[in-house]
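# Working through the structure, step by step
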Number of protein chains: 2
Amino acid sequence: MSRPKLLALLCLAVVCAPARAVEPPPLAIAIHGGAGVIDPAKMTPQHAASYRAGLAAALDAGYAILEHGGSSLDAVTAAVRIMEDDPQFNAGRGAVLNHDGDAELDAAIMDGHGPRAGAVAGVRRVRNPIELARLVMEKSPHVLLVAEGAEEFALEQGVALVPREYFRTEARVRELEEARRQAGELKAAAPGPTGTVGAVALDGAGHLAAATSTGGLTDKHRGRVGDSPIVGAGTYADDDSCAVSGTGQGEFFIRQVVAFDICALVLYRHLTLAQAVHEVIRKLRHTGGEGGVIAVDRAGNIAMDFNSVGMFRGARDSRGRRDIAMYRDAQ
Amino acid sequence: MSRPKLLALLCLAVVCAPARAVEPPPLAIAIHGGAGVIDPAKMTPQHAASYRAGLAAALDAGYAILEHGGSSLDAVTAAVRIMEDDPQFNAGRGAVLNHDGDAELDAAIMDGHGPRAGAVAGVRRVRNPIELARLVMEKSPHVLLVAEGAEEFALEQGVALVPREYFRTEARVRELEEARRQAGELKAAAPGPTGTVGAVALDGAGHLAAATSTGGLTDKHRGRVGDSPIVGAGTYADDDSCAVSGTGQGEFFIRQVVAFDICALVLYRHLTLAQAVHEVIRKLRHTGGEGGVIAVDRAGNIAMDFNSVGMFRGARDSRGRRDIAMYRDAQ
């Protein structure tokens, strides 16, 4: 090759390099609105359309934040807050009621950049537990505040408490009455799946985040805390590996440290995200636990899996994917 | 070799084989009584002797159970209960006081066989939180109960509550007053190390168990929960890998999922227990966290490490080891 030609090629390479460098980084968000509670026989077309609309609102609000250069932390906060405000989902308003007839709410948020985390459990008068979890992360030296101490912290932070009545919907009161009528003892021995909500996201700066919020189990014992607010169990994010939010029988998720286990399999055994999620759901089935997870990694890969009848879920990314589904066949 | 000689040798081999097979399985227990709080300058010989006696009582009581064929679960329960009842340690009676002047207690227990787990957090009137954690594991379908709901469960199980005054010792009241006098704001921003207690053990049936109990941080916000009652963070046990109990700045342990991470490094990266503990303490130092862990694996190896000035600790096994130590030089 002649010298001038070589020079010309080198110049071309220099000119082209920045063009490759500014290729936009991947963006991705996934959400869930609970697993295992979806009986296809009882799901009317109206119900299905309404759930799908609720999921779409949360998914698109979260994605819009990512698309406008916002953080994954803001995206998962927004997505979860929307589902907390939607009484269809078991979180915030419309959360299931405990044995005393109260909603008792748990939530956690984790920023993979740090990582940092905040969580609250057993709060009864906080409209958006996910926002309080975020305040714990950002405004306190702590990770987890529970019960009245968490509500005290809310007031200290200028968060107005709402009356307990705010959370109680007619549908949840009926569910509680039915649960009490049905073999209460049996139910207590084998807690059923839940309709927890959650979100995971990757933003343009390469940061991962996860958020989960729930009312837990219908007719649960006062003070019972599930996996949602437990870092490593129902919620986990680390920029070095992945972000995970779970939904299902919380006690199984806690004992298996499900969310962190997925990230450990990615980090230590170099599984792909999909393989890690698959492996952990397999282990869950093996122990008799039911539920599902959503996860995203630093490359923007989304993995969603469950061993229950269905899992309300949605996924959207910068490669053009936008899915909302309820059952196994991605419908 | 002649035929009769060969036959004689074979017979000998057959006779000797059972002798090898009945070689007793390894037994091991390790305990801690907190990390980081030990200022050698302030530690009088009387104090040191008293702490060592307290540790010895817990260690030997736990080991005696293992030696008599008891379970690792019973051994760690007994060791932790003894330290809860000893006002020198920050757990049970003599626990540090929160901002409101109350002891607010957290505990968890995990049985590697299953695995099964039980935990309580934010209880204020339960004499032995480790026993209540065990009742949660054995008598409820749940893993974690908090605050008043956990105390309600105690009453349902026939556990008498004690007045809050039971926990308040003169020394802890003075500590709280001093903490309040000192820059309270500064302290709140950087929670100091704690004197949590814990135990891990391997029994003759090859089962691992872990238990941790704490009063948390002096002057802590009401409702603040640290790593001790969080499965995977301050407490973890799985017969397939190891059993761990931690002590230190709980928020760091929660974010790093310290206890489960050690077991994941053993299981997924095939590190030895000592290597895994060393790696996790290195990560803890890297994030600015302070504390230590004790761990035991299924072969009866014990690992104890910390990045604080000291860690009250003890170890005993069926190979004849019996150590009690406070500082790095194993003294």
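See above for the structure.
Basis of the calculations
- Residues numbered from 1 in each chain as written.
- Chains lettered and ligands numbered in written order.
- Predicted model: local features only at pLDDT ≥ 70, side-chain atom pairs only at ≥ 80, totals over all residues.
- Heavy atoms only, no water.
- Buried < 20%, exposed > 50% of the residue type's maximum accessible area, 1.4 Å probe, protein only.
- Helix = DSSP H or I, 4+ residues; strand = E, 2+ residues; numbered from the N terminus.
- Pairing = 2+ DSSP bridges.
- Right-handed = clockwise from strand over helix to strand, strands pointing away.
- Least-squares fit on C-alpha atoms with pLDDT ≥ 70 in both.
- Core = buried A, V, L, I, M, F, W, Y, C linked by side-chain atoms within 4.5 Å.
- Contact = heavy atoms within 4.5 Å.
- Axes fitted to C-alpha atoms, helices over the stretch in contact; angles between N-to-C directions.
- Buried area = accessible area lost by both parts, 1.4 Å probe.
- Salt bridge = Lys/Arg side-chain N within 4 Å of Asp/Glu carboxyl O.
- Polar contact = N/O pair within 3.5 Å; in protein donor to acceptor, adjacent residues only side chain to side chain.
- Nonpolar A, V, L, I, M, F, W, Y, C, P; charged D, E, K, R; others polar.

All names here are of chain B. The buried fraction of strand E3 (residues 116-123) is high, at 7 of 8 residues. Of the strand pairs in this sheet, strand E2 (residues 105-111) and E3 are connected by 6 bridges, and their pairing is antiparallel. Paired with Ala 108 across the strands is Ala 119, a residue of E3. From the end of E2 to the start of E3, which pair antiparallel, there are 4 residues, and Gly 114 there has a positive phi angle of about 140°. Once the chain exits E3 it traverses helix H4 (residues 129-139) before rejoining the sheet at strand E4 (residues 144-146), and the crossover so formed is left-handed.

With an RMSD of 0.0 Å, the fit of chain B onto chain A corresponds to turning through 180° and sliding 0.0 Å along the axis. Taken together, the turn and the small shift mark the pair as related by a two-fold rotation axis.

This part takes up the nonpolar core. Across soluble globular proteins, nonpolar side chains have a tendency to be buried as a group. Core analysis: the largest hydrophobic core is formed by 108 residues, its most contacted members being A:Ile262 and B:Ile262. Those residues in contact with A:Ile262 that sit more than four places away from it in its chain are A:Cys242, A:Val244, A:Leu273, A:Ala276, A:Val277, A:Val280 and A:Val293.

Our focus in this paragraph is the pairing of strand E13 (residues 322-327) of chain A. Residue and element names in this part refer to chain A. Note: strand E12 (residues 310-317) against E13, 5 bridges, orientation antiparallel. Across the sheet, residue Ala 315 finds its bridge partner in E13, namely Asp 323. Hairpin connection between E12 and E13: a loop of 4 residues separates the two successive antiparallel strands, and Gly 320 in this loop has a positive phi of roughly 100°.

Attention now goes to the sheet that holds strand E10 (residues 291-297) of chain A. Residue and element names in this part refer to chain A. The strand order across the open sheet formed by 4 strands is E8-E9-E10-E11, and the pairing between neighbours is antiparallel. Both outer strands of the open sheet, strand E8 (235-237) and strand E11 (302-306), are each paired with one neighbouring strand and no more. Averaged over all pairs of adjacent strands, the angle between strand axes in this sheet comes to 10°, irrespective of strand direction. Summarising the sheet, E8 and strand E9 (residues 242-248) pair through 3 bridges and their orientation is antiparallel. Residue pairing in the sheet places Tyr 236 in a bridge with Val 244 of E9. The strands touched by helix H9 (residues 258-268) within the sheet are E8, E9 and E10, with E9 carrying the most contacts at an inclination of about 145°. Sitting on the sheet, helix H10 (residues 273-287) is in contact with E9, E10 and E11, with an inclination near 160° to E10.

Moving on to the interface of chain B and chain A. In this complex, chain B contributes 42 residues to the contact, which on the side of chain A involves 42 residues. Taking both sides of the interface into account, the surface hidden between chain B and chain A amounts to around 3,600 Å²; carbon and sulfur atoms contribute 64%. Three residues stand out in chain B for area buried against chain A, namely B:His221, B:Arg255 and B:Tyr268, and they jointly supply 20% of the buried area on that side. Viewed at the interface, chain A and chain B are joined by 4 salt bridges. The partner of A:Arg222 in a salt bridge is B:Glu148, with the nearest N and O atoms 3.1 Å apart. Scanning the region where chain B abuts chain A turns up 14 residue pairs in polar contact (both at pLDDT 80 or more). The element best represented in the side of chain B that touches chain A is helix H5 (residues 147-156) of chain B, accounting for 7 residues. Residue composition of the side of chain B that touches chain A, grouped by class: 25 nonpolar, 6 polar and 11 charged. Note: strand E4 (residues 144-146) of chain A against strand E7 (residues 224-225) of chain B, 2 bridges, orientation antiparallel.

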